[in-house]
Amino acid sequence: MPNVVFKVGDDVSTDVIYPGRYMATVLPTETPQFAFADETAFNAKLKARQVPPGSVLVGGRNFGCGSSREQAVSCLKGHELIIVARSFARIFLQNAINLGLRMIVCPEIEAAEGDELELTAGAVVNKTTGRQFSVEPMPQSRQVIIDAGGLIPYTRKRLLAQAAA
Amino acid sequence: MTVVEKILARATGRPSVKAGDVLEPKVDLAMSHENAALVINQFREIYQGTPLPPRIWDARRVAVIFDHRVPAESPKTASNQKKVREFIGAQGVGKFHDIRGDVGGICHQVLPENGYVRPGYVVVGTDSHTTSHGALGAFAFGIGATEMASVWALGTVLNVEVPPTIKVIVKGRFRKFVGAKDLILHIIGRISAQGANFKVLEFHGETIRRLPTSGRLVLCNMSVEAGATAGIVPADEETARYLREEAGVTDPLEPVLPDAGANYESVLEVNVSRLEPQIACPHTVDNVKPIGQVAGTRVNQIVIGSCTNGRLDDLAVAAKILKGRKVAPGTRMLIFPASAKIFRQALGKGYIGAFMQAGAVVMNSGCGPCLGIHQGALGDGETALSTTNRNFKGRMGNPQAAVYLCSPAVAAASALTGVITDPRKS
């Protein structure tokens, strides 16, 4: 079961997740080094590969607000983090779906760094505190993109169907 | 139906749609800036393993404007820009605005001033402030680079959920040195940075009808700072005037207006007649206070410009305040007009000379210091007062610095004193 490796508050912007000064870097293979670049201790842990893939980052409300920069998603996906937040800003949420970053909308989540979480389809169970929090299901319109493996394969399928018609 | 519902019904060929419906609207205009470099990668990836050639669905409906890092700050950016130039040349994209003193500028000014956006359009852009274009009665929203690649391939946006709409009714006359920026900061402070997440702000009322397009662009630009998918002002005589007189549009306009019985999620009423100049304090845009509560705060750098407040009327009010006076010692003032056209107009009117005489540095049109990539970074512990739209931690390139947001009048008055200053008292 995954542990919470980093916890942030409400309204964490994409400027905090991926500072603007690194925006010229676009390749998903290169963006992960700048994830939370100004949160130097966490960034150092990520770069030193001390964060196991599948670890959880817990966010508050409106996680990922601000810029539409997709690097803010690809940099987290590169470390295979799972984002559990009370709510997400619209563009960040859509970018996460499109790129296949795993995220869970959990409106009441309470967890501290180090806590162990069990992630099930309908709930997040905090094994450390023994509390359970319900999860908001993804609407079908977004789930189909997740199930297709992201927007690129989803669009490719549509394009081929269009060409065949 | 609301304006956005009507636009989406039209863009999908349906008689009616309602909030929550999932649609695939046709796109009238798809805008990118330097991040087209990433869009190109994703676009090519879509075609991997298919027999189809990667071709933009309709090159006439694509616009690319270089503004985020102009002129390039690094070899990496310059190489990205070169790659974009070559790609869109090969694809035949005509609405391309390179780094130039005749047609260049910030995307959210270049699009309106060239008449690329019309009432009723569906506009998407790989920039969160694409909401700006709601000022012309279009449904305009920000998307990521991969989503744009999908639009380039298909000409539609996949799986769009029709957003619910908040009706904002604004009444009253602004007092002197109070305007659109103060209004939108006040609204964001009231409903919070997430108060309109996944929703549309539709602006109505006598104050909006009197507001010129430049001011409407400010409201819609910053709607995203309340989390809104889009801000929109239903098109009216002013929209037509702007498009005819300032953007040179000659073909017929098809304004889309809301039905009398449109279904709004909620209604927000604002009276501006007693509104004070508003300041967004560090480090969130919804941390808004009337100027009296922060007046006297020392500032090291003043910035006037951006897609929010770098237009001619913004520069006019600043020039009026600064003319014949001096920027306070120990304070730096940076001014960057929103487009090359505005720069030249400001030059003609003598504003640029007045700024320089006062001690301000006038920079080329572009995003400049707003997003901390290059130009005008802040030192550790320094404070900026800026007419831009975001004050997130690290926004101007330094997480050890603080950014306050304000109107051009407050910025100019504060430049003279070196502390946050009410322009009505200077």
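Remember, it's a predicted structure, so these values are computed and weren't measured experimentally.

A look at the overall build of chain B
The secondary structure content of chain B amounts to 14 helices and 18 strands. For 426 residues, the compact-globule estimate of 2.2 N^0.38 gives 22 Å, and the C-alpha radius of gyration of chain B, at 21 Å, lies within 12% of that figure. Principal-axis analysis of the C-alpha atoms places the extent of chain B at approximately 65 × 55 × 40 Å. Counting over 426 residues, chain B shows a buried share of 65%. Contacts in chain B between residues at least 24 apart in sequence constitute 76% of all its contacts with a sequence separation of at least 6. For chain B, the exposed area adds up to about 14200 Å²; of that, 50% sits on carbon and sulfur atoms. Across chain B, 47 positive and 37 negative side-chain charges occur, with their mean positions spaced 5 Å apart.

Focus on the state of the cysteines
Residue and element names in this part refer to chain B. For the coordinates displayed, the defined rule picks out zero disulfides over all chains. Unpaired in this structure, Cys220 has its nearest cysteine sulfur neighbour in Cys307, at a distance of 12 Å. A relative accessible area of 0% places Cys220 in the buried class. No disulfide involves Cys281; its sulfur sits 11 Å from that of Cys406, the nearest cysteine.

Some details on the nonpolar core
Across soluble globular proteins, you tend to see nonpolar side chains buried next to one another. In this structure, A:Phe36, A:Phe63, A:Leu76 and B:Trp152 are the most contacted members of the largest nonpolar core, which totals 87 residues. By residue number, the principal contributor to this core is helix α2 (residues 36-47) of chain B, which donates eight residues. The contacts of A:Phe63, once residues within four sequence positions are left out, are A:Val8, A:Val12, A:Ile17, A:Phe36, A:Leu57, A:Leu76, A:Ile83, A:Ala85, A:Ser87, A:Phe88, A:Ala89 and A:Phe92. Among the nonpolar cores identified, the runner-up in size contains 45 residues, and B:Phe203, B:Ile208, B:Leu217 and B:Met396 belong to it.

Quick word on helix α14 (residues 408-417) of chain B
Residues and elements named next belong to chain B. For α14, a buried count of nine out of 10 residues is recorded, marking the element as mostly surrounded by other parts of the structure. If you check which residues of α14 are buried, you get Pro408, Ala409, Val410, Ala411, Ala412, Ala413, Ser414, Ala415 and Leu416. Looking at the buried residues of α14, the elements they touch are β12 (278-280), β14 (301-305), α10 (306-309), α11 (312-322), β15 (332-336) and β17 (383-386). Gly418 sits one or two residues past α14 and shows a positive phi near 80°.

Structural notes on the domain arrangement of chain B
All names here are of chain B. Taken domain by domain, chain B holds domain 1 (3-270) and domain 2 (278-425). One C-alpha centre belongs to domain 1, the other to domain 2; they are set 25 Å apart. Taken together, the contact pairs 36 residues of domain 1 with 40 residues of domain 2. In this assembly, domain 1 packs against domain 2 so that about 3100 Å² is buried in total across both faces, 59% of it on carbon and sulfur atoms. For the pair domain 1 and domain 2, the number of links is one salt bridge. Looking at the side of domain 1 that touches domain 2, the elements with two or more residues in it are α4 (107-113), α6 (180-191) and α8 (213-223). Here the element with the most residues in the side of domain 1 that touches domain 2 is α6; it accounts for six residues.

Thoughts on the interface of chain B and chain A
Each side of the interface is counted separately: chain B has 50 residues, and chain A has 46 residues. The largest share of the area that chain B buries against chain A comes from B:Asn159, B:Gln194 and B:Phe198, three residues that together contribute 14% of it. On inspection of chain B and its partner chain A, the count reaches three salt bridges. Its salt-bridge partner being A:Glu30, residue B:Lys76 comes within 3.5 Å of it at the nearest N-O pair. In this assembly, chain B and chain A are joined by 23 residue pairs in polar contact (both at pLDDT 80 or more). Counting residues per element, the ones that place at least two in the side of chain B that touches chain A are α2, α3 (75-91), β6 (139-142) and α5 (145-154) of chain B. Here the side of chain B that touches chain A is built from residues that sort into 18 nonpolar, 20 polar and 12 charged.

Quick word on the sheet that holds strand β7 (residues 131-134) of chain A
All names here are of chain A. Read across the open sheet, the three strands follow the order β5-β6-β7; overall the sheet is antiparallel. Two strands close off the open sheet at either side, each with one partner strand: β5 (117-119) and β7. Within the sheet, the average angular offset between the axes of one strand and its neighbour, ignoring direction, is 20°. The pairing of β5 with strand β6 (residues 123-126) spans three bridges and is classified as antiparallel. Looking at β6, one finds that Leu117 is bridged to Asn126.

Points about the packing of helix α6 (residues 151-164) of chain A against α2(B)
With their axes 8 Å apart at the nearest point, α6(A) and α2(B) run at an angle of 50° to one another. Overall, the two elements α6(A) and α2(B) adopt an arrangement that is oblique. Remark: the crossing between α6(A) and α2(B) carries right-handed chirality. Residue-level contacts link A:Ile152, A:Thr155, A:Arg156 and A:Leu159 of α6(A) to B:Gln42, B:Glu45, B:Ile46 and B:Tyr47 of α2(B).

Quick word on the sheet that holds strand β5 (residues 122-125) of chain B
Residue and element names in this part refer to chain B. Within the open sheet, the five strands sit side by side as β4-β3-β2-β5-β6. Their pairing is parallel. Of all the strands in the sheet, the pair left with one neighbour each is β4 (95-97) and β6. Each strand axis lies, on average, 15° off the axis of its neighbour in the sheet, ignoring direction. Inspection of the sheet shows β5 paired to β6 by four bridges, in the parallel sense. Across the sheet, Val122 pairs through a bridge with Phe139, a residue of β6.

What counts, and at which threshold
- Residues numbered from 1 in each chain as written.
- Chains lettered and ligands numbered in written order.
- Predicted model: local features only at pLDDT ≥ 70, side-chain atom pairs only at ≥ 80, totals over all residues.
- Heavy atoms only, no water.
- Helix = DSSP H or I, 4+ residues; strand = E, 2+ residues; numbered from the N terminus.
- Rg over C-alpha atoms; globule rule 2.2 N^0.38 Å.
- Buried < 20%, exposed > 50% of the residue type's maximum accessible area, 1.4 Å probe, protein only.
- Contact = heavy atoms within 4.5 Å.
- Areas by Shrake-Rupley, 256 points an atom, 1.4 Å probe, with all protein chains shown as cover.
- Lys, Arg positive; Asp, Glu negative; His and termini not counted.
- Charge placed at Lys NZ, Arg CZ, Asp CG, Glu CD.
- Disulfide = S-S within 2.5 Å.
- Core = buried A, V, L, I, M, F, W, Y, C linked by side-chain atoms within 4.5 Å.
- Domains from an automatic or database assignment.
- Buried area = accessible area lost by both parts, 1.4 Å probe.
- Salt bridge = Lys/Arg side-chain N within 4 Å of Asp/Glu carboxyl O.
- Polar contact = N/O pair within 3.5 Å; in protein donor to acceptor, adjacent residues only side chain to side chain.
- Nonpolar A, V, L, I, M, F, W, Y, C, P; charged D, E, K, R; others polar.
- Pairing = 2+ DSSP bridges.
- Axes fitted to C-alpha atoms, helices over the stretch in contact; angles between N-to-C directions.
- Parallel < 35°, antiparallel > 145°, perpendicular 65-115°, else oblique.
- Left-handed = near helix turned anticlockwise from the far one by under 90°.

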